[in-house]
Each structure stands twice: as C-alpha cells, then as structure tokens.
Amino acid sequence: MMGQQAQTKAKGQLMNYKSRPREIGITPAAVAATQTAGVAPETFWTDISHSCAELSEAAGYSLHPLAVDKLSVAECVLGSYCFSPRSSGAGAELAGVSAMQQELESIQAELERHEARLEEVRAGIHDAKASNNREEWQQLQQENVELLGVIRELQAEKNRLSSQSGLLSAKEYIMQPLPRMPRRTSDRASSSMTQPRHARTFDGIEEMPGFVNKVNEFVHRLPEGPKKYNKLVYRATATQGEPEVMLHGAADESYVRACLIRAVEGVSEVAADLGIGTEYIDGGSGRSASFTDMLVRKCGTSVYADASRLVLGVFEVKGSWQLKLDGNMSLQAALADENLGPSVAKVIQQAYGDAVMDEAPLLLVSNWHTTFLFSRRLDDVRNKTLQVSQWACDSTDVPPLGAFLYVLHRAHQLWHNDAKQQLPRAGVPVTPRSGYEVQLGSRQVQLGTHFDCSSMCLSSSSNRRVFKGLVDGSPAALKIFNVKDHYAMSAFVAEASAYVMLQAKWGVCMPKLLALGRLPHSGVPVLALSLGEPLSTQLLKQHGTAAKACLKGLHKAGFAHGDVRASNFLLIDGKVVVCDLETCCAADEQACDQDLDRLDCLLNSSS
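Procedures and definitions
Residues numbered from 1 in each chain as written. Predicted model: local features only at pLDDT ≥ 70, side-chain atom pairs only at ≥ 80, totals over all residues. Heavy atoms only, no water. Helix = DSSP H or I, 4+ residues; strand = E, 2+ residues; numbered from the N terminus. Buried < 20%, exposed > 50% of the residue type's maximum accessible area, 1.4 Å probe, protein only. Contact = heavy atoms within 4.5 Å. Areas by Shrake-Rupley, 256 points an atom, 1.4 Å probe, with all protein chains shown as cover. Pairing = 2+ DSSP bridges. Axes fitted to C-alpha atoms, helices over the stretch in contact; angles between N-to-C directions. Core = buried A, V, L, I, M, F, W, Y, C linked by side-chain atoms within 4.5 Å. Phe/Tyr/Trp six-rings, centres within 6.5 Å; stacked < 30°, edge-to-face > 60°. pLDDT = per-residue confidence, 0-100. Expected span 1.5 Å × (residues − 1). Arc of directions from axis to C-beta. Polar contact = N/O pair within 3.5 Å; in protein donor to acceptor, adjacent residues only side chain to side chain. Parallel < 35°, antiparallel > 145°, perpendicular 65-115°, else oblique. Nonpolar A, V, L, I, M, F, W, Y, C, P; charged D, E, K, R; others polar. Disulfide = S-S within 2.5 Å.

- Under an unreviewed UniProt entry, the protein has the name Protein kinase domain-containing protein and belongs to Tetradesmus obliquus.

Structure (structure tokens):
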C-alpha cells in the first residue's frame with residue numbers, strides 16, 4: 001500500500017483536474033493504475049502537459065513521455081505504455097529512490113567538474129615542462145595525482161549507487177526483451193489503409209547476407225558499464241506478472257508507433273553514448289521529403305528547406321490489419337501467399353517510394369510483432385532489388401533492441417561512405433506510366449511528363465510540401481500531397497480541379513499548371529506549377545494594385561480564394577499571381593468581400 005500522505009495528495013490532484021478544459025475517459029489500464037494508487041476510477045479532467053508528472057509521482061509510477069499523435073490523452077497518461085510500478089513499498093521508499101537519483105546526479109556533476117579540472121592540470125603540466133618551470137610542474141603533478149584519486153572514488157560511488165538504483169548498462173538495456181502488443185477490446189475499425197494502390201516499382205527481394213551474425217557480434221561488444229539507463233517499461237497492470245493489458249480505442253497504427261517510439265528512443269540514447277551519430281525520430285514536421293511515419297537520421301540540425309539531407313532510412317509503421325504478419329512468417333512466404341502477397345507488396349512499395357523520395361539507403365517496416373529491414377543496392381541506383389532481413393519482438397535469433405541499434409550503426413557507416421550521393425532519385429527507373437493515373441471525378445489524367453524533384457523544399461506543412469524541381473527540363477514548383485492523409489487528398493482534389501477549370505487564367509492571375517499526376521515510385525499526387533518568388537508583407541504592399549487585380553480576376557472566373565495571405569502571392573517573370581488554391585470556393589458576394597477585406601488588412605498593416 002502506498003503512504004497515506006501520497007495517497008491524499010493523489011486524490012487532491014485528481015479532484016483539481018475536474019476544472020480542466022478537456023474531458024478524458026479512463027481506460028481499463030487506467031482503471032488498474034488508479035485503483036493501485038487508491039484513486040477512484042472515474043472520468044476526470046486533466047492536462048497532460050502540466051500535471052501528469054505530479055500524479056504519477058503520487059501514485060508511485062514512473063511517467064515515460066511519448067512522442068505520439070493520435071493516442072487519446074487517457075492512454076498517454078494512464079494507459080498501457082506509460083506507467084510501471086516504481087516501488088511496491090510506501091511513500092518513504094519512493095522518496096528514497098528519488099533521493100538516490102538526486103545523489104547520482106550530484107556525483108555526476110562532481111565527476112564532470114573534476115574531469116574538466118584534470119584536463120586543465122594536464123595542459124598546465126605540458127606547458128610547465130616546455131618552459132622548464134620545475135616548481136610549477138611538481139605542484140601540478142601533485143594535483144594531478146590527487147584529482148585522479150578523487151575521480152576514482154566518485155566513479156566507484158556512482159557505480160555502487162547505480163547498481164542499487166536498478167539502472168542498466170548499455171548491454172543490459174539492449175538485451176531487454178520486448179513485450180507482446182496488448183490486446184484490443186474495441187470493435188471500432190480504422191479507415192486508414194496503405195497507399196498507393198498501383199503497380200509496384202521495386203524489382204525483387206533477396207536475403208540480406210550475415211545480418212544475424214553481424215547484430216550478435218555487435219551486441220556482444222557493447223560495454224557492460226557504467227549503469228545509467230532506465231529499464232524500458234510499457235504498461236501498468238493491476239496484478240504483477242499479468243501477461244497483457246487491454247486497449248480500448250479505435251484501430252490505428254498510432255498504437256504501434258507509440259510502442260516503437262518508446263522502444264527506439266532509448267536505443268538512440270545508447271547510440272549517442274557509443275558515438276554513433278544517427279538516431280530514430282518521428283517523421284513529422286517536414287523532417288523528410290516523403291511523408292513517412294518515422295526516420296533513421298544523421299544527428300544534426302535540419303530545416304524544411306533541405307528536408308531530406310540527413311535522412312538515411314525511412315520507417316513505415318503498420319497496424320496488424322495492414323500488415324497481417326506475426327513473427328513466425330517470413331517475408332518470402334508472405335509474398336508467395338495468394339491472399340497476403342498483394343497487401344504485403346503494397347506495404348513494401350510504399351516504403352520503397354518514400355526511400356526513393358528521400359534518397360535513403362535503408363527502409364524499415366514494422367507492425368511491432370515483426371520488423372523488416374530493407375537495404376537498397378548501392379552499386380547501381382538502377383538496380384531496384386531490395387535486400388531484406390527481419391526480426392520479431394520476441395526473437396531468439398537476435399535481441400530486437402540490438403537489431404534496432406545495429407541499424408543505427410549501419411546508417412552511421414553509410415553516412416560516412418556517402419551512400420546518399422549514390423542514390424539520386426532522378427536516376428531510378430520509373431514504373432510504366434499506367435501505374436500513375438489521377439482520377440478527378442470522371443476525368444482521368446495520366447502522367448505525361450518527366451518529373452525531377454530536388455531536395456530543396458520551398459514550403460512545408462503536415463499534409464503537403466512544395467519542392468523545387470524540373471518538368472521536362474524546365475524549372476517548376478512541385479507541390480506534393482500526403483497520400484495517407486484524407487484532408488491532404490481532399491486539398492489536392494480541390495486545387496487540381498480549380499486549375500483544370502481555370503485554364504484561361506494560367507499565367508494571368510495564377511501560376512501555369514505544367515503537369516498533373518503522381519510522382520514516380522511513391523505514387524504521391526503532384527501539381528507541377530511555374531516557379532515563382534513568394535512575396536513578403538512589405539513586397540505585397542509594393543504590388544498591392546496587382547495583387548487586388550489577381551483576386552478580382554479569380555472572382556470574375558467564379559472562384560473565391562479563401563486563404564489570402566502575403567505568402568500566397570508569387571512574383572513570376574515580374575507578374576504578380578495568386579497561388580495555393582486548396583481552399584477555393586464558389587465566388588459568392590460574401591466570399592469575394594472576405595478575400596478583398598483580408599488583402600486590405602495586409603496592405604494597411606504596420607508590419
């Protein structure tokens with residue numbers, strides 16, 4: 001039982017949450033957690049960003065923050081992946097654990113301070129010896145010996161506390177087993193599906209030679225100390241040793257992604273300590289040219305203007321209904337199965353298309369139960385045969401976390417071997433044109449031009465990105481849309497339809513549509529438009545009359561823009577045009593007035 005003081009604190013905090021602005025229903029796993037904490041399992045108000053840590057502290061659970069998107073806050077706060085019993089004792093014991101961690105941090109700070117001084121002393125010894133200053137040399141030598149003794153004592157105390165705190169060494173962390181995915185209790189289904197549905201572009205699959213031996217050799221060489229990593233924890237259960245917990249939520253790959261991110265964030269931490277300069281991160285926020293779920297990336301700073309520069313591997317996460325494989329079935333057997341083969345090939349096609357778009361040498365696909373690592377051929381970019389290896393979450397051949405760590409090690413090697421330079425997207429042969437048709441109502445448009453997309457990203461959002469590229473050798477802005485996002489696809493259809501219907505206005509009040517179709521390999525919808533320079537608010541004021549004429553020309557053609565802002569006006573060959581027609585609507589009087597009023601606000605603003 002937890003201490004009375006901690007129990008009272010938890011109940012008090014729970015009551016305070018009822019005034020929060022968002023209502024969250026407690027899941028079965030949350031019920032177990034709150035009952036363990038002595039808190040009534042009822043629907044409550046909470047704010048995950050401010051109060052979860054306090055509640056978890058009072059309840060005796062460790063909170064592990066997750067980079068998730070579609071999980072309900074209740075699942076994040078008290079669900080299957082976030083909490084683990086930190087101690088079965090009373091509140092005093094929990095305070096003891098916290099005090100021990102504080103002492104460890106204090107010792108680490110002392111170590112760093114003494115090690116920094118040791119570097120200064122050794123530099124001084126070198127200078128004193130060079131200047132033949134014997135007295136200073138002797139003093140610094142004595143301090144050097146004393147510092148070494150203090151550092152040894154601090155390191156010994158740190159190791160002693162680490163062994164008592166339950167922390168793990170790098171090798172112990174990587175050797176941890178992964179649990180099976182929790183059982184779902186909801187009958188709700190997800191509408192998400194693997195895209196695109198067209199002919200595949202990879203040529204074949206062959207086995208990756210020596211993968212298992214390389215992983216095991218790599219893991220065997222990992223250091224046994226120091227102990228500094230927290231144990232990987234996924235779930236809270238009412239009864240210790242209970243084999244699984246239940247999830248009550250719609251089927252969605254976000255559940256799988258939450259588990260994977262929780263697993264590989266620790267792997268990335270170990271990799272950083274080992275000097276491996278690559279990491280696993282979420283694929284959002286314009287970090288890549290494709291719209292993949294996660295990334296293997298070179299550590300470093302990148303902005304959307306050069307979106308895929310650091311990307312070494314794309315990572316597609318699938319639910320079990322999208323990739324119907326468990327750890328006991330090989331990929332070759334699945335592809336040969338007449339029922340599973342088409343859907344599995346579609347998953348690989350999607351990952352391969354993202355890899356081509358990001359010029360990445362590695363591809364990963366996982367449904368948690370099974371993870372596939374694909375490697376592209378570096379000897380010839382025209383060779384579209386992929387090498388594959390796979391492992392299960394309960395694999396006995398290789399430790400799963402060890403396989404994930406080895407992928408980072410391999411990506412680090414590929415970065416230093418300039419693998420990205422050997423895989424230019426423009427050099428990959430395309431699938432025949434019939435695989436890339438775009439349907440706009442009853443009108444079917446075929447890709448009839450050659451696209452060449454660079455890594456230079458002109459603008460980015462969660463569902464669409466604009467890249468600088470070429471269409472039949474002419475400069476163009478290639479606007480691509482996330483094929484897996486329903487909102488993005490609706491925006492694509494709206495904008496493409498507007499361009500098709502407003503052909504007479506191309507180059508007059510809007511950019512020219514150079515081509516409409518799908519990008520090779522990925523099948524991602526693309527609008528190729530004449531390239532222009534977006535206007536700042538200040539430049540827009542200088543071209544205010546021309547900007548107003550653009551909008552009026554659009555209105556006269558029967559459309560209102562719906563999203564008037566400075567960046568949606570371009571300067572093309574000295575002429576002002578309006579772009580981004582995703583929000584176009586019928587030009588009634590109210591919509592047209594709103595367009596012009598918004599433009600007047602921009603022209604009259606003080607900025």
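Digging into the overall build of the protein
Reasoning step 1: Helix and strand counts for the protein come out as 16 helices and 23 strands.
Reasoning step 2: Each of the 607 residues in the protein was classed as buried or not, and the buried ones make up 50%.
Reasoning step 3: Across the protein, the fraction of contacts at a sequence separation of at least 24, relative to all contacts at a separation of at least 6, is 70%.
Reasoning step 4: Surface summary for the protein: the accessible area is close to 28000 Å², and the carbon and sulfur share equals 50%.

Side note on the sheet that holds strand E18 (residues 525-530)
Reasoning step 1: Taken together, 5 strands build an open sheet; the order of strands is E14-E15-E16-E18-E17 and the sheet is antiparallel. In this open sheet, the two edge strands, each paired with only one partner strand, are strand E14 (451-460) and strand E17 (513-518). Neighbour-to-neighbour, the strand axes of the sheet open up by a mean angle of 25°, direction not taken into account.
Reasoning step 2: Pairing of E17 with E18 involves 5 bridges; the strand directions are antiparallel.

Overview of the environment of Ala-263
Reasoning step 1: Tracing the backbone shows Ala-263 in helix H9 (residues 253-273).
Reasoning step 2: Placed 141 residues apart in sequence, Ala-263 and Phe-404 show a C-alpha to C-alpha distance of 9.2 Å.

Describing the nonpolar core
Reasoning step 1: Of all hydrophobic cores here, the largest spans 46 residues; its most connected members are Ile-174, Tyr-280, Trp-391, Phe-404 and Leu-405.
Reasoning step 2: Among the secondary structure elements, those contributing two or more residues to this core are helix H7 (170-174), helix H8 (211-220), H9, strand E7 (294-298), strand E8 (311-317), strand E9 (362-366) and helix H12 (400-416).
Reasoning step 3: With residues up to four places along the chain from it excluded, the contact list for Tyr-280 reads Val-264, Val-267, Ser-268, Leu-295, Val-296, Phe-315, Phe-404, Val-407 and Leu-408.
Reasoning step 4: Grouped together as the second largest cluster of nonpolar side chains are 30 residues, Ala-496, Met-510, Phe-559 and Phe-569 included.

Structural notes on the sheet that holds strand E22 (residues 575-578)
Reasoning step 1: Ordered by their spatial adjacency, 3 strands build an open sheet running E19-E21-E22, and the pairing between neighbours is antiparallel. Every other strand in the sheet has two partners, leaving strand E19 (533-534) and E22 as the edge strands with one partner each.
Reasoning step 2: Bridging between E19 and strand E21 (residues 569-572) involves 2 bridges; their strand directions are antiparallel. Its bridge partner lying in E21, Pro-534 is registered against Leu-570.

Some details on the packing of aromatic side chains
Reasoning step 1: Here the structure, examined in full by the defined rule, presents 10 aromatic pairs.
Reasoning step 2: Ring centres of Phe-211 and Trp-391 lie 5.6 Å apart, and the angle between their planes is 10°; this geometry places the pair in the stacked category. Of this pair, Phe-211 sits in helix H8 while Trp-391 sits in strand E11 (residues 385-392), placing them 180 residues apart in sequence.
Reasoning step 3: With a relative accessible area of 3%, Phe-211 lands in the buried category.
Reasoning step 4: Judged by relative accessible area, which is 3%, Trp-391 ranks as buried.
Reasoning step 5: Put simply, the rings of Phe-211, Phe-218, Tyr-280, Phe-315, Trp-391, Phe-404 and Tyr-406 pair up and form one aromatic cluster.

Things to note about unusual backbone geometry
Reasoning step 1: Of note, the phi angle at Asn-132 is positive, near 60°, even though the residue is not glycine.
Reasoning step 2: Take Asn-132: its relative accessible area is 68%, and that puts it in the exposed class.
Reasoning step 3: One non-glycine residue, Trp-368, adopts positive backbone phi at about 75°.
Reasoning step 4: For Trp-368, the location among the structural elements is in the loop between E9 and strand E10 (370-375).
Reasoning step 5: Residue classification places Trp-368 among the buried residues on the basis of a relative accessible area of 3%.

Side note on the confidence of the model for the protein
Reasoning step 1: With 72% of its residues at a pLDDT of at least 70, the protein reaches an overall mean of 75.
Reasoning step 2: The model gives residues 1-97 a pLDDT under 50, and that stretch makes 168 contacts with residues more than four places away or in other chains.
Reasoning step 3: Note on residues 441-448: pLDDT under 50 across the span, and 16 contacts to partners over four residues away in sequence or across chains.

Looking at the pairing of E18
Reasoning step 1: The buried fraction of E18 amounts to 6 of the 6 residues, a majority that puts the element mostly inside the structure.
Reasoning step 2: Across 5 bridges, strand E16 (residues 474-481) lies against E18 in antiparallel orientation. Note that in E18 the partner of Ile-480 across the bridge is Val-526.
Reasoning step 3: Two successive antiparallel strands, E17 and E18, enclose a turn made up of 6 residues, where His-521 displays a positive phi of approximately 75°.

Quick notes on helix H13 (residues 486-501)
Reasoning step 1: For H13, built from 16 residues, the straight-helix expectation of 22 Å at 1.5 Å per residue is met to within 8% by its first-to-last C-alpha distance of 23 Å.
Reasoning step 2: For H13, every residue scored as buried is listed here: Ala-488, Ala-491, Phe-492, Glu-495, Ala-496, Ala-498 and Tyr-499. Axial view of H13: buried residues confined to an arc of 155°, hence all on one face. Seen from the buried face of H13, the exposed residues on the opposite side, beyond 90 degrees, are His-486 and Met-501.

Considerations on the side chain of Asn-367
Reasoning step 1: Take Asn-367: it is sitting in the loop between E9 and E10.
Reasoning step 2: Using a relative accessible area of 1% as the deciding quantity, one classes Asn-367 as buried.
Reasoning step 3: Engagement of the side chain of Asn-367 in a polar contact is seen with the backbone oxygen of Leu-325, the distance being 2.7 Å.
Reasoning step 4: Sequence-distant contacts of Asn-367, defined by excluding residues within four places in its chain, comprise Val-256, Lys-318, Gly-319, Leu-323 and Leu-325.

Some remarks on the packing of helix H15 (residues 544-556) against helix H16 (residues 589-604)
Reasoning step 1: The N-to-C vectors of H15 and H16 enclose an angle of 170°; their axes lie 10 Å apart at closest approach. Taken together, the axes of H15 and H16 are roughly antiparallel relative to one another. Residues Gly-544, Ala-547, Lys-548, Leu-551, Lys-552 and His-555 of H15 lie in contact with H16, whose contacting residues are Cys-592, Asp-595, Leu-596, Leu-599, Asp-600 and Leu-603.
Reasoning step 2: When grouped by side-chain class, the residues that make up the contact of H15 with H16 number 6 nonpolar, 2 polar and 4 charged.

Quick look at H16
Reasoning step 1: Between its terminal C-alpha atoms H16 stretches 22 Å, which fits the 22 Å expected from 16 residues at 1.5 Å a residue.
Reasoning step 2: If you check which residues of H16 are buried, you get Ala-591, Cys-592, Asp-595, Leu-596, Leu-599 and Leu-602. Angular distribution of buried residues about the axis of H16 spans 130°; they occupy a single face of the element. Away from the buried face of H16 by more than 90 degrees, exposed residues Glu-589, Gln-590 and Asn-604 are located.

Some details on the state of the cysteines
Reasoning step 1: For the structure shown, the criterion picks out 0 disulfides.
Reasoning step 2: Left without a disulfide partner, Cys-550 is nearest to the cysteine sulfur of Cys-509, which lies 5.9 Å away.
Reasoning step 3: For Cys-550, a relative accessible area of 3% corresponds to the buried category.

Examining the packing of H8 against H12
Reasoning step 1: With their axes 9 Å apart at the nearest point, H8 and H12 run at an angle of 95° to one another. Between H8 and H12, the angle is such that the two are roughly perpendicular. Mapping the contact onto sequence places Phe-211, Lys-214, Val-215, Phe-218 and Val-219 in H8 and Gly-402, Ala-403, Leu-405, Tyr-406 and His-409 in H12.
Reasoning step 2: Classifying every residue of the contact of H8 with H12 gives 7 nonpolar, 2 polar and 1 charged.

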